[in-house]
Amino acid sequence: MHIVLSFNQSVAEEDDQPPSLKQLNTQHTPQDLYAEWDDIETIQAVAEALGQEHQVSLVNADLDAFAKFRALRPDLVFNMAEGLYGGSRESQIPAMLEMLQIPYTGSDPVTLGICLDKLRTKEILTFHQIPNPAFVQLRHASDLPVHFNFPVLVKPTLEGSSKGITDKSLVHNAMELQIQLDSVWSGYQQPALVEEFLCGREFTVALIGNGTAVQVLPIVEIDLSTLPAGANPIYSYEAKWLWDTEIAPLQIFHCPAQLEPLLQRKIEDLCRKAFIHLGCRDWCRVDVRLDASGHPQIIEVNPLPGVLPRPEQNSCFPKAARAAGLSYPEMILSVVNAACERLDLVEKNDAHRCLL
Ligand SMILES: Nc1ncnc2c1ncn2[C@@H]1O[C@H](COP(=O)(O)OP(=O)(O)OP(=O)(O)O)[C@@H](O)[C@H]1O
Ligand SMILES: [Mg+2]
């Protein structure tokens, strides 16, 4: 098949930034501006994986993306583009592809839009009685409902990659809460979500496939006891991007997680349910934490999971895939296969393999 890899590349040099992001930078320069986007090494690794079985073209998902897809008309787009601007940015490329009737991997614009909005995601989880931490969207600490007990976790409603979730996001009183609410508002121009803090073990769960046949890969435990002394027990921006470096990696992941069979099954079932009820397709990574009673709850759902290629980069989805015996290319091609089965492109996919 002819597959287009669609991506947003993170830019290291100021001068290489797209003009409107440059303008944005003059107003606010959060250090995490590009945290969601993929680096060139990841883009190349995914392209090479796809290239093992397919003809591959690259499309940077910039303002000219629509015209590029329209001209190329591939059989399938492998979509890992996080989008450019706004709270529905992850939906932008899939929406264009639907308009052009070009099939693509992964979730549709509705699911991508919902999962980037943690409030909407939690409303859907709650409707389906899928346990998740109690939540409220707030601007003023004085409006915190009485049923919340400190500490609580404060996060931007519309971000990922721990953008806006720092060591200070776990707050212990109304004064700290107001500081964090102000910080989310000024840093991200969006309302903050305040959540009950789940104090138990943390896991992240990779899934590949579709519907009830979706496959749960070995569960990754995030061992928060490996964070520097004095750090709060959260997988914060500092933990992900500043304290865990390639030169001095934290031994923060255990995969497969050591779990009682019953708890393992509970976590797997919970993640499958979240995947299905949120309408996820082909692949996804679900974050889970145990509450004070040891029951698993969903923290959030990532239908465009990060896939840094080298093991020392401590990327959860590839780690789970490795534990399942899948090499990096096999992991990427499994996502393609899941999409092909869903789209009934199997014959085309197989025909191409026979020609190789
Ligand atoms: N309600 C909560 N209770 C306990 N810990 C939480 C809660 N919400 C978030 N956390 C901690 O903060 C971390 C980041 O939160 P979350 O997963 O919502 O952010 P994210 O930016 O979407 O992450 P990702 O990098 O997975 O996209 C979690 O991994 C967890 O350690
Ligand atoms: Mg997360």
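Worth saying up front: this structure is predicted, and the values here are computed from it rather than measured. Throughout, residues of each chain are indexed from 1 in the direction in which the sequence is written. Just so you know, chain letters begin at A and ligand numbers begin at 1, following the order they were written in. For a predicted model such as this one, the threshold for reporting local features is a pLDDT of at least 70, and the threshold for listing and counting side-chain atom pairs is 80 or more; totals across whole chains, interfaces and linings nevertheless cover every residue. For side-chain calculations, the full set of non-hydrogen atoms in the structure is used, while hydrogens and water are omitted.

A. Here's a closer look at the packing of helix α5 (residues 109-116) against helix α6 (residues 118-127). Interhelical geometry of α5 versus α6 gives an angle of 105° and a closest axis separation of 5 Å. As summarised for this structure, α5 and α6 are arranged roughly perpendicular, according to the angle between their axes. On the side of α5, the interface is formed by Ile 114, Cys 115 and Leu 116, while α6 contributes Lys 118, Arg 120, Thr 121 and Ile 124. Class assignment of the residues belonging to the contact of α5 with α6 gives a composition of 4 nonpolar, 1 polar and 2 charged. What counts as an axis is a line fitted to C-alpha atoms, over the stretch in contact for a helix, and the angles between N-to-C directions run from 0 to 180 degrees. Segments assigned H or I by DSSP are reported as helices when at least four residues long, segments assigned E as strands when at least two residues long, and all are numbered from the N terminus. Throughout this description, any angle smaller than 35 degrees is read as roughly parallel, any larger than 145 degrees as roughly antiparallel, any in the 65 to 115 degree range as roughly perpendicular, and the remainder as oblique. Any pair of residues with heavy atoms lying within 4.5 Å of one another is described as a contacting pair. In the scheme used here, Gly and all other residues not listed as nonpolar or charged are polar, with Ala, Val, Leu, Ile, Met, Phe, Trp, Tyr, Cys and Pro taken as nonpolar and Asp, Glu, Lys and Arg as charged.

B. Seen up close, the nonpolar core. Throughout this description, the term nonpolar core refers to a set of buried Ala, Val, Leu, Ile, Met, Phe, Trp, Tyr and Cys residues connected via side-chain atoms within 4.5 Å. When a residue's accessible area, from a 1.4 Å probe over protein chains only, is under 20% of the maximum for its type it is buried; when over 50% it is exposed; and in between it is partly exposed. Within the largest apolar cluster, 39 residues are counted, with the highest numbers of intra-cluster contacts made by Leu 5, Val 46 and Phe 78. Among the elements of the structure, β1 (2-7), α2 (40-51), β3 (76-79), β8 (202-209), β10 (220-222), α10 (316-323) and α11 (328-343) are those that each provide at least two residues to this core. Sort the elements by how many residues they give to this core and α11 lands first, with 7 residues. Domain extents, as shown, originate in an automatic or database domain assignment. When we break this core down by domain, the ones giving at least three residues each are domain 1 (2-106) and domain 3 (202-342). Other than its neighbours up to four places away in sequence, Val 46 contacts Leu 5, Phe 78, Met 80, Val 307, Tyr 328 and Ile 332. Counting 25 residues, the second-largest nonpolar core is a separate cluster that includes Leu 125, Leu 270, Cys 271 and Leu 290.

C. Broad picture of the pairing of strand β4 (residues 135-138). Here β4 shows a buried face lined by Val 136 and Leu 138 and an unburied face lined by Phe 135 and Gln 137. If DSSP finds at least two bridges between two strands, the strands pair. The sheet contact formed by β4 and strand β7 (residues 192-196) spans 4 bridges and is antiparallel. Residue Phe 135 lies in a different strand from β7, and its bridge partner there is Glu 195.

D. Representation of the pairing of β8 in the model. Of all 8 residues in β8, 8 are buried, a share of seventy percent or more. In this sheet, β10 lies alongside β8 in antiparallel orientation, the contact comprising 3 bridges. Its bridge partner being in β10, Thr 204 is matched across the sheet by Val 220. As judged from the 8 bridges shared by β8 and strand β12 (residues 282-290), these two strands associate in the antiparallel manner.

E. Seen up close, the environment of Thr 126. Note that Thr 126 resides in helix α6. Owing to a relative accessible area of 42%, Thr 126 belongs among the partly exposed residues under this scheme. Those residues in contact with Thr 126, other than ones at most four positions away along the chain, are Asn 132 and Phe 135. Any N or O atom pair separated by 3.5 Å or less is treated as a polar contact, with the protein-specific requirement of one donor-capable and one acceptor-capable atom, and with residues adjacent in sequence counted only for side-chain atom pairs. At 2.5 Å, the side chain of Thr 126 and the backbone oxygen of Lys 122 are in polar contact.

F. Layout of the site of ligand 1. Distances are taken per atom, and a residue is near a molecule or strand as soon as one of its heavy atoms is within 4 Å of it. Taken together, 24 residues form the shell around ligand 1, and within it Lys 118, Ser 162, Glu 202, Tyr 235 and Lys 240 come nearest. Side-chain polar atom of Lys 118 to an oxygen atom of ligand 1: 2.7 Å apart, as the coordinates give it. Residue Leu 198 places a main-chain N or O atom 2.9 Å away from a nitrogen atom belonging to ligand 1. Only the protein chains shown count as cover for residues, with accessible areas throughout obtained via the Shrake-Rupley method and a probe of 1.4 Å. Bound to the protein, ligand 1 loses 97% of the 610 Å² it would expose on its own. Of all the secondary structure elements, the ones that give two or more residues to the shell around ligand 1 are β5 (152-156), β7, β12 and β13 (296-302).

G. Quick peek at the packing of aromatic side chains. The aromatic pairing rule takes the rings of Phe, Tyr and Trp, using the six-membered ring of Trp, and pairs them if the centres are within 6.5 Å, calling planes under 30 degrees apart stacked, those over 60 edge-to-face and the rest tilted. Within this structure, the stated rule accounts for 3 aromatic pairs. Residues Tyr 235 and Phe 253 carry aromatic rings whose centres are separated by 6.1 Å and whose planes lie at 85° to one another, so their mutual orientation is edge-to-face. Within this pair, whereas Tyr 235 is found in the loop between β10 and α8 (237-242), its partner Phe 253 is found in strand β11 (residues 253-254), the two being separated by 18 residues in sequence. For the pair shown, Tyr 235 and Phe 253 are each scored as buried. Ring geometry for Trp 283 against Phe 317: centres 5.4 Å apart, planes inclined by 80°, an arrangement best described as edge-to-face. Placement of the pair is Trp 283 in strand β12 and Phe 317 in helix α10, with a sequence separation of 34 residues. With respect to burial, Trp 283 and Phe 317 carry one shared label: buried.

H. Up close: the sheet that holds β7. Sheet architecture is open: 4 strands sit in the order β4-β7-β5-β6, paired in antiparallel fashion. Looking at strand neighbours, the two that pair on one side only are β4 and β6 (170-171), the edges of this open sheet. Set on the sheet, α6 makes contact with β4, β5 and β7; between it and β4 the angle comes to about 150°. Across the sheet, helix α7 (residues 174-188) lies against β4, β5, β6 and β7, angled at about 10° from β5, the strand it touches most.

I. Just the coordination of the magnesium ion (ligand 2), in detail. Protein coordination of the magnesium ion (ligand 2) is provided by Asp 287 (OD) and Glu 300 (OE), with donor distances spanning 2.0 Å. Here Asp 287 is found in strand β12, whereas its partner Glu 300 is found in strand β13, with 13 residues between them in sequence. Residue class for Asp 287 comes out buried when judged on its relative accessible area of 8%. Coordinating donors are taken as N, O and S atoms within 2.8 Å of the metal, stretched to 3.2 Å for Na, K and Ca; because water is absent from the atoms, sites can appear incomplete.

J. Structural context of helix α4 (residues 92-100). Buried within α4 we find Ile 93, Pro 94, Leu 97 and Leu 100. Here the buried residues of α4 occupy an arc of 125° about the axis, which is enough to place them on one side. Each element contacted by the buried residues of α4 is listed here: β1, α3 (65-72), β3 and α5. Comment: arc refers to directions from the helix axis out to C-beta atoms.

Keep in mind these values describe shape, not function.
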